[in-house]
Amino acid sequence: MIIISHLPLLSIGQETQISGKIIDSESGNALAFVNISYNNSGSGTMSNIDGDFTLNTRESVFQLNFSYIGYEPLLIDRPDTLRKNLLLIKMIPKTYDIDEVRIAPGINPAHRIIDLVYENKKLNNPEKIKSFSYTSYNKLYFTFEAPHPKIDTIISPQDSSLVEIDSSFFEINEFIEKQHLFLLESVSNREYSAPGNNREKIIASRVSGFSNPSFTLLATQIQSFSFYNDFITILDKNYLNPISYGSKNKYLFILEDTLITSTKDSLFIISFLPKKGKNFTGLKGFMYINSNLYALQNVVAEAAESKDMFRIKIQQKYEFIENKQWFPVQLNTDIILVDPADENNKGLIQVESEDNKVKVIGVGKTYITNIKLNPVFELKKFKNIALEVEKDAHKKSEGFWDFHRSTPLSEKDTATYHVLDSIGKEEHLDRKLWIVETTMNGYIPIRFFNLDIHSIINYNLFEGIRLGLGGISNERLSENLFFSGYFAYGFKDKNIKYGGSAKWLISNNYDISLQANYFNDVEESGSYKFLKKSRSFDTENFRRFLISHMDYIEGWSASFEFHALQYFKTHIFFQNSKTTFGNNYQFNDLENGTENLIDKATFSELGIKLRFAYKEKFMVSGRKKISLGTKFPILYANFNQGIDWMNGGFTYSRYEIRISKKILSRSLGHSYIDLEGGIVEGRVPYSKLYNGKGSYQGFSLVSANSFGVMRMNEFLSDHFFSIFFRQDFGKLLFKTKRFQPGVEFVSNFGIGKLQNPELHRGINFKTMEKGYYESGIIINNIINQFFLGYGIGIYYRYGPYQLQKSIDNFSFKLSLKLNL
């Protein structure tokens, strides 16, 4: 056993001091938590999370031993070498196959320790205590895979000769040595109160080349605060934690070593990696587990296997604060960008030849200080804004930064700021960033106006190709008043459409606004919409290409939108519109029992749309407000009342509801459940009924939350209920070294009824009283190109509404999946 002590830097008497940095001999990455002993004494130290070490002793040191999981042990016994000021220790990684690992019959000794870690998980998880607060200094930089810093001596385990660093090696990478590609710093104060009440304010932010704090939020997305949650989430990707429930069935644990700390506690070093034949998104690495409460003291983990562009590595260090609670004090996350199509994990940036590529590496470091356990907070101070950037965060003085930095800026850091800040001013990078952000949100900024990219070209079966132009004023004109307009032409229906709006944004944080709209356009017959913000690559939107039944609608509306209470978003509106029915549809508007066929109508509606997302959190930077989601179901509800104001010809009540839930399982991947229902009370034309939400049209795109084999407008209802279920196994069911498709199972159900079907003329439809059933399987990512995966889906329709020809009950679809 080795006794690990952490000795302060001293210069007393004849004290021996040896310092250096330990790195991987192949990648050059720093090695954290390497065990270092001297003179075969069993005493020594450990490298810190950045690979640096300092050994202080009053003895003469004639021998150093370095040991680290997954690396060949290293012995240095040359006194002249050990007298150097600063050493660079290069350790050679071992290569072994999991088949070579043999666990002796009986109980795996690592399992007993892992069981104790799991039993004490809630006790040691900092987010399970009553409350805490801390200050963090965060640093994120991107660089190329860089050569090692210039250090006096390199020790190579292959031989003990001294190796001088070749100066020509630096010349090849001169730019990389002088500066980073990008550098970001921030300081934040975080307050937390269980369960789940979180408030973090970024009080300082500095970004190389920019004064805009937009990038500040980036650093928050690549750090996982604690290693105790069932899933470790980095860049929206979930990795199953090796200390989650049932992990012994999925992970191979090996007790590699046992150390004794300076406080006489045992420190168990346990390596972990997924068992052979177990198919899940997991990690590999090792944990240092302290026998004091069987808590994590150090963690090093990386993705066990990945075909993604982003490869991650996590390093975490915990300390026993106030002799009460283990708490993280430093968090490191490395992100390496590689070519996902290359088996050798080559970089994305090509230099001179195809075989010479460099990797882009992102390094995020968080240093946590001023930790306070169980402070008293007023719960009313915790709002739904979990992370906020203060307005003056980018204006802090150099003295402020010097006080909060854990270590001073290096020459490379300083050069990065100097060069990129100069370029930023000269090239107006803040403005260019604004242009990029606006474009990514679907707009092209042109002075005071943002051109809507989505308005330029569209397609559906009713209008055919739809060409147009539209946009909205931006913050350069006004930060509170926005004006929009558009026009379009459909080449199939040969009609011009146009409209406009004016919006007064009263409060950005609370989403309070007033808006007035005018429109002369088309709208899908029998459709409904919830207060749901559509994402650019939401597969639900693919259904719009198949819409073939539309009405022409001309009118105006006024609305008031706001956040009611903490988790309710509310949209109140009044709309008056004249509707001309499309597709030769007529409605029998009975007058005193006499048939009266009409092909147009005027509707006046007063309505409210609600969205309730319990415990949903947001992060805010300037005018940007980004949802962090919620683990609870999201509820949407609509209520529309048809009234006889302003020539409104129909009196009715219309109700719709939707409940959406996403569930992440350890063994089954993601489950998506959407429940939808609607009721119309009163006699109304097709426009105000429900068309079934089918999405069948020969060979088409997979469209989530719709019926893949149901024909468009096949059914008509005034009462309906639908269930849309998807089980996305991802790569859990099938994965080989070169071929890793994702598998989804889909099962949908719908039921409905229609009163007075004889009122609807000129169209063919069915009613759905017996229940509609379909299921399918989707194979995603058969082919991958950049961020896009192509696959195929097959759906089958069965039950009371099964069609006569067998082939007609099948639907074949192309799946598109965005892979980031």
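Residues numbered from 1 in each chain as written. Predicted model: local features only at pLDDT ≥ 70, side-chain atom pairs only at ≥ 80, totals over all residues. Heavy atoms only, no water.

Student: What exactly am I supposed to notice about the packing of aromatic side chains here?
Tutor: How two aromatic rings sit relative to each other is given by the distance of their centres and the angle of their planes. Here the structure, examined in full by the defined rule, presents 55 aromatic pairs. Through a chain of ring-to-ring contacts, the aromatic side chains of Phe749, Tyr773, Tyr796, Tyr798, Phe810 and Phe812 assemble into a single cluster. Its end group placed over the ring of Phe225, Arg190 keeps NZ or CZ at 4.6 Å from the ring centre. (Phe/Tyr/Trp six-rings, centres within 6.5 Å; stacked < 30°, edge-to-face > 60°. Lys NZ or Arg CZ within 6 Å of the ring centre and 35° of its normal.)

Student: I would appreciate a short explanation of helix α9 (residues 429–440) in the present structure.
Tutor: What sets the pattern is the α-helix's 3.6 residues per turn: residues three or four places apart point alike. Spanning twelve residues, α9 covers 16 Å between terminal C-alpha atoms, matching the ideal 16 Å at 1.5 Å per step. For α9, the elements touching its buried residues are β26 (443–446), β27 (449–452) and β39 (624–629). Note on α9: the residue one or two positions beyond its end, Gly442, has a positive phi of about 100°. (Helix = DSSP H or I, 4+ residues; strand = E, 2+ residues; numbered from the N terminus. Expected span 1.5 Å × (residues − 1). Contact = heavy atoms within 4.5 Å.)

Student: Can you walk me through the pattern of salt bridges in this structure?
Tutor: Close approach of charged atoms allows side chains of opposite charge to pair. As enumerated under the stated definition, the model contains 40 salt bridges in all. Note that Arg466 is salt-bridged to Glu463, the shortest N-O span being 3.0 Å. Assigned by exposure class, Arg466 and Glu463 land together as buried. For the salt bridge of Glu540 with Arg658, the shortest nitrogen-to-oxygen distance reads 2.9 Å. Here Arg658 lies in strand β41 (residues 652–665) and Glu540 lies in the loop between β32 (512–524) and β33 (550–564), a separation of 118 residues in the sequence. Each of the two residues, Glu540 as well as Arg658, counts as buried. Linked through salt bridges whose partners overlap, the residues forming this network are Lys532, Asp538, Glu540, Arg658, Asp674, Glu676 and Lys693. (Salt bridge = Lys/Arg side-chain N within 4 Å of Asp/Glu carboxyl O. Buried < 20%, exposed > 50% of the residue type's maximum accessible area, 1.4 Å probe, protein only.)

Student: Where do I start with the environment of Ile321 in this structure?
Tutor: With respect to the secondary-structure elements, Ile321 resides in strand β20 (residues 310–321). In this structure Ile321 comes out as buried when scored by relative accessible area, which is 13%. Every residue in contact with Ile321, bar those within four places of it in the chain, is listed here: Phe327, Val329, Ile371 and Leu373.

Student: I keep staring at the nonpolar core and nothing clicks. Help me out?
Tutor: Nonpolar side chains in soluble globular proteins generally cluster together in the buried interior. Membership of the largest hydrophobic core comes to 45 residues, with the highest contact counts inside it found for Phe227, Phe253, Leu283, Met287, Ile289, Leu296 and Ile312. Counting residues per element, this core draws most heavily on strand β19 (residues 295–303), at five residues. The residues touching Ile289, leaving out its near neighbours within four places in the chain, are Ile113, Ile114, Val117, Ser266, Leu267, Phe268, Ile270, Tyr294, Ala295 and Leu296. Residues Ala32, Leu55, Phe66 and Ile69 belong to the second largest nonpolar core, which totals 29 residues. (Core = buried A, V, L, I, M, F, W, Y, C linked by side-chain atoms within 4.5 Å.)

Student: Is there a simple way to think about unusual backbone geometry in this case?
Tutor: Peptide bonds are trans in most cases, and residues, glycine excluded, mostly fall at negative phi. For the bond running from Ala194 to Pro195, omega is -5°, close enough to zero to count as cis. By secondary structure assignment, the location of Pro195 is in the loop between β12 (182–193) and β13 (197–207). We note that Lys494 has phi near 55°; this positive angle belongs to a residue other than glycine. As for its placement among the helices and strands, Lys494 is situated in the loop between β30 (481–490) and β31 (495–507).

Student: Can you help me understand the pairing of β12 in this one?
Tutor: Consecutive side chains along a regular strand alternate between the two faces of the sheet. Taking burial as the measure, the twelve residues of β12 include eleven buried ones, the bulk of the element. Alignment of β12 against β13, held across ten bridges, turns out to be antiparallel. The residue bridging Ser193 from the neighbouring strand is Asn197, located in β13. Between β12 and β13, which follow one another and run antiparallel, lie three residues, and Gly196 among them has a positive phi close to 80°. (Pairing = 2+ DSSP bridges.)

Student: Help me understand the sheet that holds strand β35 (residues 586–588), please; the structure alone is not making it clear to me.
Tutor: The strand order across the open sheet formed by three strands is β36-β35-β48, and the pairing between neighbours is antiparallel. Bordering the open sheet on either side are β36 (597–598) and β48 (760–761), each of which pairs with just one other strand. Judged from the two bridges that link them, β35 and β36 form a sheet pairing that is antiparallel. Opposite Asn588, over in β36, you have Leu597 as the bridge partner.

Student: Any chance you could explain helix α2 (residues 109–119) here in plain terms?
Tutor: Buried within α2 are the following residues: Ala110, His111, Ile113, Ile114 and Val117. Angularly, the buried residues of α2 cover 165° about the axis, an arc narrow enough to put them on a single face. (Arc of directions from axis to C-beta.)

Student: What's the story with the side chain of Thr570 in this structure? I'm lost.
Tutor: Residue placement: Thr570 occurs in strand β34 (residues 568–580). Once you skip the residues sitting within four places of it in the chain, Thr570 turns out to touch Leu531, Phe560, Glu561, Phe562, Ala564, Ile608, Lys609 and Leu610.

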